[in-house]
Each structure stands twice: as structure tokens, then as C-alpha cells.
Amino acid sequence: MRIVGGSLRGRTLAAPRTSAIRPTTDRTRESLFNILAHGFEDLNSNTRVLDLFAGTGGVGLEAMSRGAAYGAFVEQHPEACGLLRANIGALGLSDHCVLLRRDATKLGKIGGIIPFNLVFADPPYAKGLGEKALISAQKGGWIQSDALVILEENRDVDPQPGLAFQLIETRHFGETTIRFYRFTA
């Protein structure tokens, strides 16, 4: 696993030793960010990325490599938190990130953090956790109005995160489907 673009391109990421963590592949991440760069243009120095079910942090760290100013990584799996902490430190991003060790489906109120304008969720597939996490983020005030929200799921799943999430595009990558939504709170 590595960062595939931006200022940190080519830097290696610590990878899981078990199958309990399923990182987004380099190829899918590269495709995702190509879609963002050419179709949405949402990634810039004002971008604040919220990476739900962050795992090793590959997607959020990729966003930061490509210009995002700040990243919040939500993860509760102990191995993933260790890998994520190591990846943030190795890339020198500790001053621009926060690791929140908690259940992404039970975020609670945002507190003193500014809401996010780019949200990525890569939950364990086919368990309905992506929708629950997005609804939790919505209720807690974590998502800025007009934010771009991206949900990665199994191809056979049709997530229904709610009316505030307007589906604008769907892309398939083998057994994986990535859906792009606009948050219209």
C-alpha cells in the first residue's frame, strides 16, 4: 500500500497483518481521486476530510497528499488505530490530523471541530453500517452543507442513507461500488 498521488506520492503505508481490516486498494483509490479531480473539483486547501471506518487511513491520507488541509479519522479496531497512528506520523501529518477512536455509527455531537466538506465511508460490507454512520454524522453536525459524501460498499448493496444525501454518481470497481452524494442539510 502506498500514496498514489500528490505531494506524498509513492510513500508507503503500513498495511494490516490480518484480514480484519480491508483497505481500499491503491488502484481503486487512484480511480476515486481521478474522478474527484476531473468530475467534482472538491479537493483543495479548504478541504476538511472525514474518513469513517478509516482502517489504515489510506483514503484520508491520500486526500491530504492531494491538498486537503485537515483530516479526521474515525476507527475503533485496535490494529487499525495502531497502523493509522503510524501512517500519520510517518507522513509527518500529525499537526493536520486527528484520530478518533470510536464507533463511526455512534459519533455523537461534533464538539469543537469544524464540520467536514469531504466525507468518505468504507464500512464492513453488507451490514448497513455505512448508512448508520452517515446518519450519525448528519445528526451530530459533522457534515457541512453541500459536502461531497462518498460511500464504498459491496456491489450488491443499495444503501439508503436518507433524503439529505442526494445520489449524484455511482461507479463500479469489480465487487466494489462507490457512490457519490451531495449533502443537502
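Here's what I pulled together on the structure shown here. It should be emphasised that the depicted structure is a prediction, and the values quoted were computed from it without experimental measurement. (Residues numbered from 1 in each chain as written. Predicted model: local features only at pLDDT ≥ 70, side-chain atom pairs only at ≥ 80, totals over all residues. Heavy atoms only, no water.)

Examining the overall build of the chain
Assigned secondary structure in the chain consists of four helices and seven strands. Written out in order from the N terminus, the α and β elements of the chain read α-β-α-β-α-β-β-α-β-β-β. The C-alpha radius of gyration of the chain comes to 15 Å, within 12% of the 16 Å expected for a compact globule of 185 residues. Principal axes of the C-alpha set define a box for the chain whose edges measure 40 × 40 × 30 Å. In the chain, buried positions account for 51% of the 185 residues. (Helix = DSSP H or I, 4+ residues; strand = E, 2+ residues; numbered from the N terminus. Rg over C-alpha atoms; globule rule 2.2 N^0.38 Å. Buried < 20%, exposed > 50% of the residue type's maximum accessible area, 1.4 Å probe, protein only.)

Description of the side chain of Asn-154
Note that Asn-154 resides in strand 5 (residues 143-154). Polar side-chain contacts of Asn-154 include one of 2.8 Å to the backbone nitrogen of Asp-156. Apart from residues no more than four positions distant in its own chain, Asn-154 is found in contact with Tyr-125, Glu-175 and Thr-177. (Polar contact = N/O pair within 3.5 Å; in protein donor to acceptor, adjacent residues only side chain to side chain. Contact = heavy atoms within 4.5 Å.)

Comments concerning the nonpolar core
Among the nonpolar cores identified, the biggest contains 27 residues, and Leu-32, Leu-36, Leu-61, Phe-73, Leu-93, Ile-150 and Phe-180 are the most heavily contacted of them. Mapped onto this core, the elements with two or more residues apiece are helix 1 (26-40), helix 2 (58-65), helix 3 (78-90), strand 4 (116-121), strand 5 and strand 7 (176-183). Every residue in contact with Leu-61, bar those within four places of it in the chain, is listed here: Ile-3, Leu-13, Thr-56, Phe-73, Asn-87, Ile-88, Leu-91 and Leu-93. Leu-50, Val-74, Ala-104 and Leu-134 belong to the second largest nonpolar core, which has 24 residues in total. (Core = buried A, V, L, I, M, F, W, Y, C linked by side-chain atoms within 4.5 Å.)

Concerning the packing of helix 1 against helix 2
Working note: a packed helix pair is described by the angle between its axes plus the distance between those axes. Between helix 1 and helix 2, the least distance of the axes is 11 Å, while the angle of their chain directions is 45°. As far as their axial angle goes, helix 2 and helix 1 are oblique. Considering only the axes of helix 1 and helix 2, their crossing is right-handed. The segment helix 1 lies against helix 2, with Arg-29, Leu-32 and Phe-33 engaging Gly-58, Val-59, Glu-62 and Ala-63. Partitioned by chemical class, the residues of the contact of helix 1 with helix 2 number four nonpolar, one polar and two charged. (Axes fitted to C-alpha atoms, helices over the stretch in contact; angles between N-to-C directions. Parallel < 35°, antiparallel > 145°, perpendicular 65-115°, else oblique. Left-handed = near helix turned anticlockwise from the far one by under 90°. Nonpolar A, V, L, I, M, F, W, Y, C, P; charged D, E, K, R; others polar.)

Overview of unusual backbone geometry
Look at Ala-126: it is not a glycine, yet its phi comes out positive at around 60°. Structurally, Ala-126 can be placed in the loop between strand 4 and helix 4 (129-139). Ala-126 gets classed as exposed once you look at its relative accessible area, which sits at 55%. We note that Asp-146 has phi near 75°; this positive angle belongs to a residue other than glycine. With respect to the helices and strands, Asp-146 occurs in strand 5.

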